[in-house]
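# Topology and contacts: notes
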Amino acid sequence: MASTENTELSEQEIAFQARIDRGEKIEPKDWMPDAYRRSLIRQIGQHAHSEIVGQLPEGNWITRAPTLERKANLLAKVQDEAGHGLYLYCAAETLGITRDEMFEMLHNGKMKYSSIFNYPTLTWADMGAVGWLVDGAAIMNQVPLQRTSYGPYARAMVRICKEESFHQRQGFHIMMTMSNGSGEQKRMAQDALNRFWYPALMMFGPSDKDSVHSAQSMAWKIKMNSNDELRQKFVDETVPQAEYLGLTIPDDQLSLDSDTGHYRFSEPDWEEFHQVINGNGPCNEERLNARIKAWDDGAWVREGMMAHANKRSAKKQVAVG
Amino acid sequence: MMTANEALFQFLLRQGDNALVLGHRTSQWCGVGPVLEEDIALANTALDLIGQTQLWLAYAAEVQGEGKSANDLAFLRDAYDFRNLLLLEVPNGNFGQAIMRQCLFDAFQVPWLTELQTSSNQQVADISAKSLKEALYHWERSSETVISLGDGTEESHAYMQAAVDFCWPYAGEMFCDDAVDEAINTAGIAPLPSSIRQTWIDQVESVLSEATLTKPNSDFAQRGGRDGIRHTEHLGHMLATMQVLQRSFPGATW
Amino acid sequence: MSASNEWPLWEIFIRGQHGMSHRHVGSLHAPDAERAIKNARDVYTRRNEGVSLWVVEAKHISASSPSDKGPLYDPAKDKIYRHPTFYDIPDEVGKM
Ligand SMILES: [Fe+2]
Ligand SMILES: [Fe+2]
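What comes next concerns the included structure.

Criteria and thresholds
Residues numbered from 1 in each chain as written. Chains lettered and ligands numbered in written order. Predicted model: local features only at pLDDT ≥ 70, side-chain atom pairs only at ≥ 80, totals over all residues. Heavy atoms only, no water. Helix = DSSP H or I, 4+ residues; strand = E, 2+ residues; numbered from the N terminus. Buried < 20%, exposed > 50% of the residue type's maximum accessible area, 1.4 Å probe, protein only. Contact = heavy atoms within 4.5 Å. Areas by Shrake-Rupley, 256 points an atom, 1.4 Å probe, with all protein chains shown as cover. Donors = N, O, S within 2.8 Å, 3.2 Å for Na, K, Ca; no water. Pairing = 2+ DSSP bridges. Buried area = accessible area lost by both parts, 1.4 Å probe. Salt bridge = Lys/Arg side-chain N within 4 Å of Asp/Glu carboxyl O. Polar contact = N/O pair within 3.5 Å; in protein donor to acceptor, adjacent residues only side chain to side chain. Expected span 1.5 Å × (residues − 1). Core = buried A, V, L, I, M, F, W, Y, C linked by side-chain atoms within 4.5 Å. Axes fitted to C-alpha atoms, helices over the stretch in contact; angles between N-to-C directions. Phe/Tyr/Trp six-rings, centres within 6.5 Å; stacked < 30°, edge-to-face > 60°. Lys NZ or Arg CZ within 6 Å of the ring centre and 35° of its normal. Left-handed = near helix turned anticlockwise from the far one by under 90°. Nonpolar A, V, L, I, M, F, W, Y, C, P; charged D, E, K, R; others polar.

Scanning chain C from terminus to terminus reveals two helices and four strands. Each of the 96 residues in chain C was classed as buried or not, and the buried ones make up 50%. The contacts of chain C with a sequence gap of at least 6 include a subset with a gap of at least 24, amounting to 46%. Summing over all exposed atoms, chain C offers an accessible surface of approximately 4700 Å²; the carbon and sulfur share of this is 55%.

All right, on to the coordination of the iron ion (ligand 1) then. All names here are of chain A. Each protein donor to the iron ion (ligand 1) is listed here as Glu51 (OE), Glu81 (OE), His84 (ND1) and Glu164 (OE); together their distances run 2.0 to 2.3 Å. When the donors of the iron ion (ligand 1) are listed by position in the chain, the intervening gaps give E-x29-E-x2-H-x79-E. Accessibility expressed as a relative area gives 0% for His84, which makes it buried.

Our focus in this paragraph is the coordination of the iron ion (ligand 2). Residue and element names in this part refer to chain A. Protein-derived ligands of the iron ion (ligand 2) are Glu81 (OE), Asp135 (OD), Glu164 (OE), Glu164 (OE) and His167 (ND1), with the metal-ligand distances lying across 2.0 to 2.7 Å. Here the donor residues of the iron ion (ligand 2) share one chain and are spaced in sequence as E-x53-D-x28-E-x2-H. In this structure, the iron ion (ligand 2) is positioned 3.3 Å from the iron ion (ligand 1), and both are ligated by Glu81. A residue pair is termed long-range when its members are at least 10 positions apart, and Glu81 in helix H5 (residues 68-93) and Glu164 in helix H8 (residues 151-179) qualify at 83 residues. Classification of Glu81 as buried rests on a relative accessible area of 6%. Given a relative accessible area of 2%, Glu164 falls into the buried group.

Our next topic: the pairing of strand S1 (residues 9-15) of chain C. Residue and element names in this part refer to chain C. Where burial is concerned, the two faces of S1 differ: the one with Trp10, Ile12 and Ile14 is buried and the one with Leu9, Glu11, Phe13 and Arg15 is not. With five bridges joining them, S1 and strand S3 (residues 52-57) adopt antiparallel strand pairing. Along S3, the bridge assignment pairs Phe13 with Trp54.

This part is about the interface of chain A and chain B. The interface is formed by 46 residues belonging to chain A together with 49 residues belonging to chain B. Here chain A and chain B share an interface that buries about 4000 Å² over both sides, 69% of which is from carbon and sulfur atoms. Its largest share of buried area at the contact with chain B, chain A owes to Leu68(A), Gln79(A) and Trp300(A), together 20% of the area lost on that side. Counting the contacts that link chain A with chain B gives two salt bridges. In this structure, Asp151(B) and Lys311(A) form a salt bridge, with 2.9 Å as the shortest nitrogen-oxygen distance. Seen at the junction of chain A and chain B, the total is 16 residue pairs in polar contact (both at pLDDT 80 or more). If you list the elements that add at least two residues to the side of chain A that touches chain B, you get helix H4 (55-59), H5, helix H6 (99-107), H8, helix H9 (183-202), helix H13 (284-297) and helix H14 (299-315) of chain A. A total of 14 residues in the side of chain A that touches chain B trace back to one element, the largest contributor, which is H5(A).

The next thing to look at is helix H7 (residues 125-145) of chain A. Given a rise of 1.5 Å per residue, 21 residues ought to cover 30 Å, and the 30 Å separating the end C-alpha atoms of H7(A) matches this to within 8%. The element H7(A) is extensively covered by neighbouring structure, given that 19 of its 21 residues are classed as buried.

Tyr36(A), Trp124(A), Phe11(B), Met100(B), Trp200(B), Ile12(C) and Leu28(C) are the most contacted members of the largest nonpolar core, which totals 202 residues. Beyond its immediate chain neighbours, meaning those up to four positions away, Trp124(A) contacts Trp61(A), Ala65(A), Pro66(A), Arg70(A), Leu74(A), Ile174(A), Met178(A), Leu245(B) and Trp254(B).

Next up on the list: the packing of H9(A) against helix H11 (residues 227-245) of chain A. Running from N to C, H9(A) and H11(A) cross one another at 150 degrees; their axes reach a closest spacing of 9 Å. Facing H9(A), whose interface residues are Trp197(A), Ala200(A), Leu201(A) and Met202(A), H11(A) presents Arg231(A), Phe234(A), Val235(A) and Thr238(A).

Our next topic: the interface of chain B and chain C. If you look at the interface, chain B gives 17 residues, while chain C gives 19 residues. Of the roughly 1700 Å² buried at the junction of chain B and chain C (both faces included), carbon and sulfur atoms supply 51%. In terms of surface lost to chain C, no three residues of chain B exceed Glu37(B), Tyr137(B) and Glu144(B), which account for 34% of the buried area on that side. For the pair chain B and chain C, the interface holds five salt bridges. Measuring nitrogen to oxygen at the nearest pair gives 2.7 Å for the salt bridge that ties Glu38(B) to Arg35(C).

A full pass over the atoms with the stated rule returns 21 aromatic pairs over all chains. Taking the centre distance of 5.5 Å and the plane angle of 85 degrees together, the rings of Tyr36(A) and Trp220(A) count as edge-to-face. One end of the pair, Tyr36(A), is in helix H3 (residues 34-53); the other, Trp220(A), is in the loop between helix H10 (214-219) and H11, with 184 residues separating them in the sequence. One exposure class covers both Tyr36(A) and Trp220(A), and it is buried. A connected cluster of aromatic rings, assembled from ring pairs, spans Phe11(B), Phe108(B), Trp112(B), Trp168(B), Phe175(B) and Trp200(B). Sitting over the ring of Trp61(A), Arg64(A) keeps its end group 3.6 Å from the ring centre. The ring of Phe82(B) has Arg77(B) lying over it, and the distance from NZ or CZ to the ring centre is 4.3 Å.

It is worth spelling out the pattern of salt bridges at this point. This structure, assessed with the given rule, holds 31 salt bridges over all chains. Linking Lys77(A) and Asp135(A) is a salt bridge whose minimum nitrogen-to-oxygen distance equals 2.8 Å. With Lys77(A) in helix H5 and Asp135(A) in helix H7, the pair connects residues that are 58 residues apart, well separated along the chain. For the pair Lys77(A) and Asp135(A), one class covers both residues: buried. The salt bridge involving Asp191(A) is made with Arg195(A); its shortest N-O contact spans 2.8 Å. Linking Asp191(A) with Arg195(A), this pair stays in helix H9, spanning four residues, or about one helical turn. The exposure class of Asp191(A) is partly exposed, given its relative accessible area of 31%. Arg195(A) sits in the partly exposed class, given a relative accessible area of 23%. Each of Glu38(B), Glu140(B), Arg141(B), Glu144(B), Arg35(C), Lys38(C) and Asp42(C) takes part in one network of salt bridges that share partners.

Here the focus is helix H1 (residues 4-27) of chain B. Its 24 residues give H1(B) an end-to-end C-alpha distance of 34 Å, which sits within 8% of 34 Å, the value for a rise of 1.5 Å per residue. Extensive coverage of H1(B) is indicated by the burial of 21 of its 24 residues.

If you trace the backbone, Glu8(A) turns up in the loop between helix H1 (2-6) and helix H2 (11-21). Residue Glu8(A) is classed as exposed on the basis of its relative accessible area, which comes to 69%.

For the rest of this paragraph, the subject is the packing of H7(A) against H11(A). Residue and element names in this part refer to chain A. Packing of H7 against H11 leaves a shortest axis separation of 10 Å and a crossing angle of 145 degrees. Of the two elements, H7 crosses H11, and the hand of that crossing is right-handed. Contacts between H7 and H11 involve Trp132, Leu133, Gly136, Ala137, Met140 and Asn141 from the first element and Leu230, Lys233, Phe234, Glu237, Thr238, Gln241, Ala242 and Leu245 from the second. When the residues that make up the contact of H7 with H11 are grouped by side-chain class, the tally is eight nonpolar, four polar and two charged.

Backbone geometry follows two general trends: most residues other than glycine have a negative phi, and most peptide bonds adopt the trans configuration. In this model, Lys221(A) sits at a positive phi of 55 degrees, which is unusual for a non-glycine residue. Note on placement: Lys221(A) falls in the loop between H10 and H11. A positive phi angle, close to 55 degrees, is found at Thr212(B), a residue other than glycine. Relative to the helices and strands, Thr212(B) resides in the loop between helix H9 (197-210) and helix H10 (233-242).

On their own, these measurements won't tell you what the molecule is for.
Below, the structure is given as structure tokens:
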């Protein structure tokens, strides 16, 4: 699609691309191609949905956290994800879509969220694995996006990245404690790694050769690195961490290539990836239904508070300070 | 006759368990709040309460003198040893019920913690001073929410009237003095809960009236939580969830 | 709920502790200005980042009063677990 449009760039489009090439930020009121706007809404909206659906698998363990400290840490972490969703929805709203419209598209399946959140969290060690691997992978995706071409998106990412680093560390800290714990705890830790390793690798998206939107998105700087590049970086950083924990990455093919200094590793099962994206993951239905129920149950609250605000503003003018 | 130490221990459990149980219940909203902004605000309230729990229960464990920690008290006691108000252990129900409960409790916490700031016991005074700052904000937020939902749409009004009707019989327990309260009062550690009842009534009445809600007539109080004599069935289920890891893997480090 | 019933969007400005001017930090939804300020506290000062808030919707500007300062911003100070350095991770694990 993008390539056919590219053949006849208008003067405006050429100027727009030149701004991006110079490293200028595009701001909400600036002219932008429709396709740029649409791609951004899709990407930021999907990212926002991932943050709030992502609250659910970890929220699953807040009530079962084993100590008061862990309970507070996990709650603060999951609360941060709600904040990330909020920042990102606001960024998308500057492009001319409302948050309610985006929710509607999440609920009716027109917009997606990251497939990782369709996997279940089965033991406390999963809180470790999710923080370490899932937030770790997310950070790797997000850090470069702080330099993305769209101003509001870049600014949201700066704020998000600032908050993310505690997430990965609290997860790794749980993994450390479990790996150094009893035999049962160590077993839970290994089991969590086994279940989350490949889904975490999938978070970077399909292999570059199969990735649909990549070239145009890279030119627009709404995607900063290729999927495979980031995946490699993630593996290279994570394998030594697993070794430190005394855990085994569930991949027989894993080996350090001494020529390149990079690890060679097995690809995730892309058929599974597509199945999960298309609704057949282990928790797709629960996750989406939980969001829809929360939204529907909250309708009277949102309406009630709005109605009261309207009544009140009719009664008195808010002082302008 | 209970010893001064035993009375102080019971008093501290009441303080700590109220924070723990309401903190736990409030944390259940994380991810499923009615709107993102409320989701985040509720988590802040829960975090404050968990923080308060740590302070009260750590001091309780110290007074108990059996070498236990705040975590031991939170995760290794059974329902009959909990000393929280029944109001705080019943399930969240809907958002209206949860925020009404919060509001009724905050209306108690603010004058209560204000008094406790001048406790003869320095540790009680210090924990209370810290908790009061948080309680003041919770109160601002919960009372404002009750008002706007009570005086919102017809539907939200109905939810809130049902909420106050549901919570009311549980609220009276806050003011039922007993031997522990007497002993604590005599020691100058805290006033009798009944002594702040009028302040509470005034605050609550003014919120309910601004919210266009009708205050239930009955003075009947469901009790049995703060003395541990008869909790609801809900507390057992809550603890079964909350304590599962500590119970399943005794002695493990987390 | 129809889209027209959606809570309006507010822009949030925070003046930090070091006397710098109010700085735009982001946005959020709220039914009115008072609630927008409260929401801003919960959303944008979770790490005790600000001491004064402005919220702006369309042409209306509201500012939090300085007297609100105590109860609103102190609590975040002891939430040290929000800071990465709270989690002791050995250096040999690498940057995290
Ligand atoms: Fe996030
Ligand atoms: Fe995160």
